[in-house]
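A structural walkthrough
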Amino acid sequence: MSQPFRVGSLRHREQSKFLSVCRVKCVVMMVSFADLKANLKKDFSGLRCVRVAVASDSAMQHFTVALRASGYEAGLDLIIHDAGYDQIERSIFDPSSDLYGFGPQCIVILHWVEKLFERFQRTPPAERSGFADVHLSLVRSLIEAVGRNSQSRFLYANFPEFSDGVYGNYSSKLTTSWLFQIRKINFELMALAREFPNLFINDLAVLAARHGALAMRDAKLAVSAHMAFALDFLPILATNTVRIICAIEGRTRKCLVLDLDNTLWGGVIGDDGLENIEIGGLGIGSAFTRVQLWAKQLKQRGIVLAVCSKNTESVALEPFKKHPDMVLRQEDIAVFVANWESKVDNIRHIRSVLEIGLDAMVFVDDSPVERELVRNALPEVFVPEMPEDPAEFAETLQRLELFETASITEEDADRTLQYQQEARRRELVTTFQGAEDFLRSLEMVAAVEAFTPFNAPRVAQLTQRSNQFNLRTVRYTEEDIRRIASSSAHRGFAYSLADKFGSYGLICVVILRSQERELLIDTWLMSCRVLKRGMEHFVLNHLVRAGREAGFTALVGEYLPTAKNALVKDHYASLGFSRCIQNGAELWRLKFVDFVSTPNHIKNS
Amino acid sequence: MTHTRILSEIQDIMRRVFDNEDLNIVEATTAKDIREWDSLSHIELIVAIEKHFHFKFTLKEVQSFHNVGEMCGAIAQKVS
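Below is a short write-up of the structure. (Residues numbered from 1 in each chain as written. Chains lettered and ligands numbered in written order. Predicted model: local features only at pLDDT ≥ 70, side-chain atom pairs only at ≥ 80, totals over all residues. Heavy atoms only, no water.)

Description of the overall build of chain A
Helix and strand counts for chain A stand at 24 helices and 17 strands. The C-alpha atoms of chain A give a radius of gyration of 26 Å, which matches the 25 Å a tight globule of 605 residues would have. Along the longest, intermediate and shortest principal axes, the C-alpha atoms of chain A span 80 × 70 × 50 Å. Put simply, chain A has 605 residues, and 54% of those count as buried. Of the contacts made within chain A by residues no fewer than 6 positions apart, 72% connect residues no fewer than 24 positions apart. Of the roughly 25800 Å² of accessible surface on chain A, 53% is carried by carbon and sulfur atoms. (Helix = DSSP H or I, 4+ residues; strand = E, 2+ residues; numbered from the N terminus. Rg over C-alpha atoms; globule rule 2.2 N^0.38 Å. Buried < 20%, exposed > 50% of the residue type's maximum accessible area, 1.4 Å probe, protein only. Contact = heavy atoms within 4.5 Å. Areas by Shrake-Rupley, 256 points an atom, 1.4 Å probe, with all protein chains shown as cover.)

Some words on the side chain of Thr477 of chain A
Residue and element names in this part refer to chain A. Residue placement: Thr477 occurs in the loop between helix H21 (456-465) and helix H22 (478-485). Classification of Thr477 as buried rests on a relative accessible area of 2%. Engagement of the side chain of Thr477 in a polar contact is seen with the side chain of Asn198, the distance being 2.9 Å. (Polar contact = N/O pair within 3.5 Å; in protein donor to acceptor, adjacent residues only side chain to side chain.)

Concerning the packing of helix H3 (residues 61-73) of chain A against helix H12 (residues 234-248) of chain A
Residue and element names in this part refer to chain A. Where H3 meets H12, the closest approach of the two axes is 8 Å, and the angle between their N-to-C directions is 55°. With respect to each other, H3 and H12 are oriented oblique. With respect to the hand of their crossing, H3 and H12 are arranged in right-handed fashion. From H3, His62, Phe63, Ala66, Leu67, Ser70 and Gly71 reach across to H12, where they touch Leu234, Pro235, Leu237, Ala238, Thr239, Thr241 and Val242. Of the residues belonging to the contact of H3 with H12, the class tally is eight nonpolar, five polar and no charged. (Axes fitted to C-alpha atoms, helices over the stretch in contact; angles between N-to-C directions. Parallel < 35°, antiparallel > 145°, perpendicular 65-115°, else oblique. Left-handed = near helix turned anticlockwise from the far one by under 90°. Nonpolar A, V, L, I, M, F, W, Y, C, P; charged D, E, K, R; others polar.)

What about helix H17 (residues 368-377) of chain A?
Residues and elements named next belong to chain A. All of the buried residues in H17 are Glu370, Arg371, Val374 and Arg375. Down the axis of H17, the smallest arc covering the buried residues is 130°, so these residues share one side. Of the exposed residues in H17, the ones pointing more than 90 degrees away from its buried face are Pro368, Val369 and Asn376. (Arc of directions from axis to C-beta.)

Brief notes about the sheet that holds strand S10 (residues 444-450) of chain A
Residue and element names in this part refer to chain A. Read from one edge of the open sheet, eight strands run S15-S16-S14-S13-S12-S11-S10-S17, paired in mixed fashion. With partners counted over all chains shown, the strands left at the sheet margins are strand S15 (578-582) and strand S17 (602-604), one partner each. With strand direction ignored, the average angle separating the axes of adjacent strands in the sheet is 35°. The pairing of strand S12 (residues 502-515) with strand S13 (residues 518-526) spans eight bridges and is classified as antiparallel. Among the inter-strand pairings, Leu512 is bridged to a residue of S13, identified as Ile521. Relative to the sheet, H21 contacts strand S11 (490-499), S12 and S13, its axis offset from that of S12 by approximately 80°. Each of S10, S11, S12, S13, strand S14 (554-557), strand S16 (585-591) and S17 touches helix H23 (residues 535-549); the most contacted strand, S11, lies at about 145° to it. (Pairing = 2+ DSSP bridges.)

Considerations on the pattern of salt bridges
This structure, assessed with the given rule, holds 40 salt bridges over all chains. Put simply, Asp570 of chain A and Lys569 of chain A hold a salt bridge, and the shortest N to O gap is 3.7 Å. With relative accessibility at 48%, the residue Asp570 of chain A sits in the partly exposed group. On the basis of relative accessibility, which here comes to 45%, the residue Lys569 of chain A falls in the partly exposed class. A cluster of three or more residues bridged by salt bridges with shared partners is formed by Asp218 and Lys220 of chain A together with Glu50 and Lys56 of chain B. (Salt bridge = Lys/Arg side-chain N within 4 Å of Asp/Glu carboxyl O.)

Some points on the pairing of strand S3 (residues 106-110) of chain A
Residue and element names in this part refer to chain A. With five of five residues buried, S3 lies mostly within the body of the structure. On S3, burial covers both faces: Cys106, Val108 and Leu110 on one face and Ile107 and Ile109 on the other are all buried. Pairing analysis gives five bridges linking strand S1 (residues 48-56) to S3, with the strands arranged parallel. Within S3, the position partnered with Val54 by the bridge is Val108. Taken together, the four bridges between S3 and strand S4 (residues 153-157) define a ladder with parallel strand orientation. The residue of S4 that forms the bridge with Ile109 is Tyr156.

Thoughts on a nonpolar patch on the surface
Residues and elements named next belong to chain A. Side chains of Val166, Tyr167 and Tyr170 sit close together on the surface and give an oily, nonpolar patch of about 330 Å² of accessible area. With respect to the secondary-structure elements, Tyr167 resides in the loop between S4 and helix H8 (178-195). Exposure remark for Tyr167: the relative accessible area of 41% places this residue in the partly exposed category. (Patch = residues over 30% accessible without salt bridge, like charges linked within 9 Å, V, L, I, M, F, W, Y side chains within 5 Å.)

So, the pairing of S13 of chain A
Here is the key point about a regular strand: its side chains alternate between the two faces of the sheet. Residue and element names in this part refer to chain A. Most of S13 is tucked away: nine of the nine residues are buried. The turn joining S12 and S13, which pair antiparallel and follow one another in sequence, is formed by two residues; a positive phi near 55° is taken by Glu516. Note that S13 and S14 share three bridges and pair parallel. Directly across from Leu519, in S14, lies its bridge partner Leu555. Each parallel crossover has a hand, and the one from S13 via H23 to S14 is right-handed. (Right-handed = clockwise from strand over helix to strand, strands pointing away.)

Some details on the nonpolar core
Within soluble globular proteins, side chains that are nonpolar tend to cluster in buried spots. Residue and element names in this part refer to chain A. Grouped together as the largest cluster of nonpolar side chains are 81 residues, with contacts concentrated most on Val52, Phe63, Ile92, Ile185, Phe229 and Phe233. In this view, Ile185 contacts Leu116, Phe131, Ala132, His135, Leu136 and Phe159; residues no more than four positions away in its chain are not counted. Counting residues in hydrophobic clusters, the runner-up holds 39 residues, among them Val530, Leu555, Leu575 and Phe595. (Core = buried A, V, L, I, M, F, W, Y, C linked by side-chain atoms within 4.5 Å.)

Some remarks on unusual backbone geometry
Residues and elements named next belong to chain A. Residues other than glycine seldom take positive phi values, yet Glu401 does so here, at roughly 45°. Its location among the elements puts Glu401 in the loop between helix H18 (393-399) and helix H19 (415-429). Despite not being glycine, Thr473 has its phi angle at roughly 50°, a positive value. Checked against the element boundaries, Thr473 lands in the loop between H21 and H22.

Here it is in structure tokens:
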């Protein structure tokens, strides 16, 4: 799924191989605690470090082992601080606690449902209808304390919903029942997560429903060792926790590549013909309709759909254009590749059109042969193992939680349209003599804004997701962005771009921090969709203008290399910054007195 | 299943759980004799034995074992 930082090393290739083996295994059976633990002996060097604090009112030592081992599978070196048994309140409310001293980037809190339940049982009946509110106000004060004392993200687990066997099905009618109160807590936690951008719900309720309450706990270990979970449930919970951390770290998948015959419909379009493929009412068509409905949902959410099929293109397109029961239509597919070339080459082609990483792609194909070919040649692409029976396709894919995210913005939904506009721009390039002609013809207009409550979600999302054109790769949440917006030492700029084919939306973010008379460039990132448009020149002209007006004398930039941002290695050199070494760090300085503004084809709106 | 057979299977499990290929046990072996056998790995051991022999220990049984031999005795009763 995600890439460690040093690509190309032997260790990386070994890991990729290991990962693809694991992927296959995951579908067939769950990884046991003992198997997962073996990861701790592997080489973590070169993996991205994330500092995670864990606090619970149950014994968490085994969980921290599982968490670190799961992190390895996702290419993360999780440095874990265990706050100790039953130390949630003390370590969160005390600003001088070891937990804050550890400097966590994520705080994982697990309140044990059995303790919560016992507290409920000991609550006088007359007060039980207010039980959820009491707990929710505790959670709220925990989040507020974390916000005061650190900039850490806060991962809070919700609760498995079980009946206490007191009122039976009647529980739903009674506000004083356990089931009513625990469900209320779970529901209101979602509202709390909407209110606090730094709060992420670790959805234990979904895991419990999926795997069953019996698999989740071991009564003997609960009583004798205060363990909230069965040993072999820990890998499930740890994996789920790591998924959230990955999303916060910007490691998300962006594209679903789909095979056609026997994946999106039953039968072979080239042999069976339009009337005989199974989709909708025909044969086992409803199994494939389910897959299509799910893919459509993803497209509406902003995941890009692509088709990669061994077919003649005109034949493969026919169902998308003419079949009344197809849920997916041609306009839902950003890149449609149907030919007789190898799927490996075709997936590489799709990747280059979309300008995303291979590790942002998922490839779904019913054929074990094609899956294996892609897995071997492109280990970064996630290729889920599919069940033999198409009836299980949709639920198998849904269960894998392939598209975890840490933020959603309205722009996401337009993404397919944006890629289609890009395809039209590409066609146009070929009709022009030179790049300058082409750029002029685009009639580009850019707008600059400070950070506002309206653009904060998209700004935060860009800091989380941009990997290639990103000079320092610092990740921020919405709350961080709001803090920067109100800080007198910082200046944040959000740039949008439009051309005659449509709007690219907000595509560039710069965060400056003042240090005496100079402005340090904390963040400069751009969406790869606007590469080679001259946007960096427009931005630099603006930064210098704004800097001069505010009385500063220079810009100071820094390039921090990652596995993915080699693209901007020479960014500052090519913009005329001069190299200097300061405290051992390589920095780039542009004195305003030396600056001559660079011509470009972008108008200021 | 004989005690000797159970003992040898437990030895294999212990070698795996305690990550020590040279580990040798006898009936009189206790947690004190094995450096890697602490309260945390004990939990992993119990779960591994339960999975291997397909049964569950009760709370009382887990707390009543004084040495490996007593554990073998309990297993012998369960799997017979």
